[in-house]
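The lines below spell out each chain.
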Amino acid sequence: MTRRAAPSRAGPSSGQTRGAPRQSGLSLIEMKAVVGFMALLMLFAANFYLEITRSSEAATERTRGSRRAVAVLDRIARDLGAAVLVKKPEDVDPLFHPWVFLAEDRGGSEGAEHLKFTTRSRIPRSTALHESDHEVVAYTLREGDEGGRELLRWSSPRLPEELDRSFPTAEL
């Protein structure tokens with residue numbers, strides 16, 4: 001008597017399946033979804049980065065303008081704080097002396113557009129020649145090229161011999 005092998009009763013629980021064997025991994029649709037999600041995430045990140053860059057540049061420009069204005073105002077305050085006002089004898093015309101504080105309004109505005117005075121804020125060079133710490137400083141306010149106003153500063157270490165009511169021009 002011959003024995004026949006009994007048919008196997010192994011089912012899905014024993015690792016064998018009917019039809020094509022199933023492999024682990026992602027399907028094509030799942031991969032497309034992941035790539036689409038990553039592209040969307042990269043788009044949001046790039047937009048966020050560009051917006052932060054624009055905001056940073058705008059803040060830097062505002063700060064630069066503020067710092068420039070503070071530096072100009074500090075310089076004017078230093079010049080005016082060191083202004084020399086000479087008391088003249090009674091018999092001398094006060095406007096005759098060359099060391100005068102002079103302000104002019106040529107355009108009919110609310111204040112002076114030109115200012116000229118002598119200061120004692122200059123640091124003399126260390127040379128064999130004797131130099132004074134006095135200098136003549138002039139400020140001129142004029143219309144700018146871009147529609148705003150420009151403040152020009154001029155200074156000279158040479159003191160005038162006589163009263164000079166002229167103001168330096170922008171070409172100096």
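Heads up: these notes are all about the structure in this document. Not measured: the values here are computed from a predicted model.

Now for the nonpolar core. I76, L115, F117, V137 and Y139 together form the largest nonpolar core, which totals five residues. Contributing elements (two or more residues each) for this core: β2 (114-119) and β3 (135-143). For F117, the contacting residues outside a window of four places in its chain are D79, L80, A83, V100, F101, E135, V136, V137 and Y139.

Looking now at the pattern of salt bridges. Scanning the entire structure with this criterion turns up seven salt bridges. E51 serves as the salt-bridge partner of R54, at 3.0 Å between the closest nitrogen and oxygen. Of this pair, R54 and E51 are both found in helix α1 (residues 28-81), three residues apart, which corresponds to roughly one turn of the helix. According to the relative accessible area criterion, R54 is partly exposed, its value standing at 48%. Accessibility expressed as a relative area gives 42% for E51, which makes it partly exposed. Note that E150 and R142 form a salt bridge whose closest N and O atoms lie 2.6 Å from each other. Classification of E150 as partly exposed rests on a relative accessible area of 26%. One connected set of salt bridges, linked through shared partners, spans R75, D79, E135 and R153.

Time to look at the sheet that holds β2. One open sheet accounts for four strands, arranged β1-β2-β3-β4; its pairing is antiparallel. One side of each edge strand has no neighbouring strand; the edge strands of this open sheet are β1 (102-104) and β4 (149-156). Sheet twist, expressed as the mean angle between neighbouring strand axes with direction ignored, is 15 degrees. Both β1 and β2 contribute to a ladder of three bridges, which runs antiparallel. Looking across to β2, one finds that A103 is bridged to L115.

As for its placement among the helices and strands, T140 is situated in strand β3. A polar contact is formed between the side chain of T140 and the side chain of H114, at a distance of 3.5 Å. Once you skip the residues sitting within four places of it in the chain, T140 turns out to touch E113, H114, E150, L151, L152 and P168.

Per the counting criterion, the structure on display carries one aromatic pair. Consider the rings of F117 and Y139, whose centres lie 6.4 Å apart with planes at 25 degrees: the pair is stacked. Of the two residues, F117 is situated in strand β2 and Y139 in strand β3; the sequence distance between them amounts to 22 residues. Across this residue pair, the class does not change: F117 and Y139 are buried.

Parameters at a glance
- Residues numbered from 1 in each chain as written.
- Predicted model: local features only at pLDDT ≥ 70, side-chain atom pairs only at ≥ 80, totals over all residues.
- Heavy atoms only, no water.
- Core = buried A, V, L, I, M, F, W, Y, C linked by side-chain atoms within 4.5 Å.
- Buried < 20%, exposed > 50% of the residue type's maximum accessible area, 1.4 Å probe, protein only.
- Helix = DSSP H or I, 4+ residues; strand = E, 2+ residues; numbered from the N terminus.
- Contact = heavy atoms within 4.5 Å.
- Salt bridge = Lys/Arg side-chain N within 4 Å of Asp/Glu carboxyl O.
- Pairing = 2+ DSSP bridges.
- Axes fitted to C-alpha atoms, helices over the stretch in contact; angles between N-to-C directions.
- Polar contact = N/O pair within 3.5 Å; in protein donor to acceptor, adjacent residues only side chain to side chain.
- Phe/Tyr/Trp six-rings, centres within 6.5 Å; stacked < 30°, edge-to-face > 60°.

Bear in mind that shape data such as this cannot, by itself, settle questions of function.
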